[in-house]
Amino acid sequence: MTAIGIHDLELATGHYVVSLTDLAESKDIAPGKFVLGLGQSEMSVLAPDEDIVSMGASAAKPLLERNGTDGIRTLLFATESGVDQSKAAGVAALELLGLPHNVRVAEIKQACYGGTAALQAALGIVSRNPTERVLIIAADNARYQLDSPGEPTQGAGAVAMLITADPALLAVEPADGISTTDVDDFWRPNDSTTAVVNGKLSIDAYLDALTDAWGDLQDHGGPAIGDIDRILYHQPYTKMAKKAQQRLRQVTGDDISTALNPGDEVDGRDTGLETSARYNRRLGNSYTASVYSALASLLDHDDSLAGDRIGIFSYGSGCVSEFFTGIVQDGYRDVRDAGTIDAALDRRVPLSIDEYRALHQGPHGTSADEVTPQVTDAPFRFAGVHEQARQYEAR
Ligand code: CAA
């Protein structure tokens, strides 16, 4: 059977960054709560002329420059911070990227799980016709109310992935474990620009979904825990991955290490908990992009993965989750330039807490006409709203 999976991936984020130490101090909270308790050091913040479309297209641009556009007949855009109730964000991205018009485009939504739903659809399309390639963009702007418990877990990021036959990075294996339960742990009503969340319930729902999806993977012929070398989790904040690893250790009895922070004592088998958390620790939550950002971090910071099996747990509140596995391909190191994402994170412009709060309270997601100031230095920008329609341009 032809191997199908992730051939290449790229990550983009917002123009601004907020230090979580600054955020904690502005609230008279000990910084250790955010930095160690949540495992987050920074969060990306979008400029007024950035959104999921500009960020997603910016992630896809270098991917297409490296791989060309031949054979791309599908673009799936996964997001839970959609900018329109009808038109798929990917249609604007297609135009910005100069993709041909003979490409089917659709938006996929199920909270942070949307990127994995897109991946599963893409695997099906490519298995039907292995000469086709599918472009996936998973992009989100994670926003909670100011001064709410969720505020330090905000962030923004986009991951673009090319799904092909004979992939260069990760061949996805056929067995998967799925779990869906109707639960109100986190959602965003149509009239709200920030998420509504029951934080403690969301943690329990995530961990119960992990237990159930793992059991379903075992019931469907998936590999035993001892045959999985590295494990990636959806990371709303990186401490959540540690909680997940603790749960999986409990459920499987395997001595997988729960050491998350550099310098923590490794208390068992190292499955990449720390190496996969390096980007998300600095990005904050990127919802649909988060677990694929964890994949990028692992691939970029571990040069001994060739032939290894990776387990990936994708969770989307509400809730739908999936545990699947893939095999890292020989030569994966030749595909990625490991310093690129760190450099993009370093380039972000720091915001003071006053500037960040003003930006958070500024216009967001309205259909009122506006012309946005030119701020971002990304390849594409959100230029404003004209006659209720969002306008984009290449810079
Ligand atoms: N030094 C070190 N650690 C400290 C500390 C200090 N000074 N002070 C507190 N801590 C620790 C606490 O002990 C706690 O650790 P544990 O979780 O290991 O017990 C941690 O810091 C957080 O403290 P609290 O539990 O008191 O934090 P909180 O109640 O204010 O908020 C939260 C935490 C509920 C996760 C909140 O940030 C939130 O609502 N976030 C959004 C929802 C979310 O991300 N849920 C995750 C699962 S849902 C999902 O994954 C989907 C998604 O993307 C949203």
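Computed from a predicted structure; not experimentally measured.

### Regarding the UniProt feature "domain: Hydroxymethylglutaryl-coenzyme A synthase C-terminal" (unreviewed entry) in the chain
Per the UniProt record, "domain: Hydroxymethylglutaryl-coenzyme A synthase C-terminal" (unreviewed entry) is annotated on residues 275-358. With 44% helix and 23% strand, the stretch residues 275-358 has end C-alpha atoms that lie 34 Å from each other.

### So, empty space enclosed by the protein
Throughout the structure, instances matching the rule amount to one cavity of 30 Å³ or more. Considering only enclosed or pocket space, the largest cavity measures out at about 40 Å³ in volume. Forming the boundary of the largest cavity are Thr13, Leu46, Glu50, Ser54, Met55, Ser58, Thr376, Ala378 and Phe380. Top contributing element to the lining of the largest cavity by residue count: helix H3 (residues 52-67), with three residues. Classifying every residue of the lining of the largest cavity by side-chain character gives four nonpolar, four polar and one charged.

### Thoughts on the packing of aromatic side chains
Across all of its chains, the model carries seven aromatic pairs by this definition. Between Trp214 and Phe323, the aromatic rings sit 5.2 Å apart at their centres with planes inclined by 65°, giving edge-to-face as the arrangement. Separated by 109 residues along the polypeptide, Trp214 in helix H6 (residues 199-219) and Phe323 in strand S13 (residues 320-328) bring together distant segments of the chain. For the residue pair Trp214 and Phe323, the accessibility class agrees, reading buried in each case. With a centroid separation of 6.2 Å and 45° between ring planes, the pair formed by Phe313 and Phe323 is classed as tilted. Of the two residues, Phe313 sits in strand S12 (residues 309-316) while Phe323 sits in strand S13, which places them 10 residues apart along the sequence. Here Phe313 and Phe323 have matching classes, each one buried. Of the aromatic side chains, those joined through ring pairs into one cluster are Tyr206, Trp214, Phe313, Tyr315 and Phe323.

### Observations concerning the sheet that holds strand S3 (residues 42-45)
Spatially, the three strands line up as an open sheet ordered S3-S2-S14, and their pairing is mixed. This sheet does not close on itself; its edge strands, each paired only once, are S3 and strand S14 (349-350). Here strand S2 (residues 16-19) runs beside S3; their pairing, made up of four bridges, is antiparallel. The partner of Tyr16 across the bridge, within S3, is Val45.

### With respect to the sheet that holds strand S15 (residues 370-371)
Taking strand neighbours across the sheet as the criterion, the three strands line up as S15-S16-S17 in an open arrangement whose pairing is antiparallel. The strands lining the two open edges of the sheet, one partner per strand, are S15 and strand S17 (389-394). Sheet analysis places S15 next to strand S16 (residues 380-386), joined by two bridges and oriented antiparallel. Counterpart to Val371 in the pairing with S16 is Gly384. Strand contacts of H3: S16 and S17, with the helix running at about 155° to S16, the strand carrying the most contacts. Packing against the sheet, helix H4 (residues 89-97) makes contact with S16 and S17, and its axis sits at approximately 25° to S17.

Definitions and limits used
- Residues numbered from 1 in each chain as written.
- Predicted model: local features only at pLDDT ≥ 70, side-chain atom pairs only at ≥ 80, totals over all residues.
- Heavy atoms only, no water.
- UniProt positions renumbered as here; feature names shortened; annotations may be inferred.
- Helix = DSSP H or I, 4+ residues; strand = E, 2+ residues; numbered from the N terminus.
- 1 Å grid on protein atoms, 1.4 Å probe; cavity = no way out; pocket = protein on both sides within 12 Å on 5 of 7 lines; lining within 4 Å.
- Points joined across faces, edges and corners; volume = space filled by probe spheres on them.
- Nonpolar A, V, L, I, M, F, W, Y, C, P; charged D, E, K, R; others polar.
- Phe/Tyr/Trp six-rings, centres within 6.5 Å; stacked < 30°, edge-to-face > 60°.
- Buried < 20%, exposed > 50% of the residue type's maximum accessible area, 1.4 Å probe, protein only.
- Pairing = 2+ DSSP bridges.
- Contact = heavy atoms within 4.5 Å.
- Axes fitted to C-alpha atoms, helices over the stretch in contact; angles between N-to-C directions.

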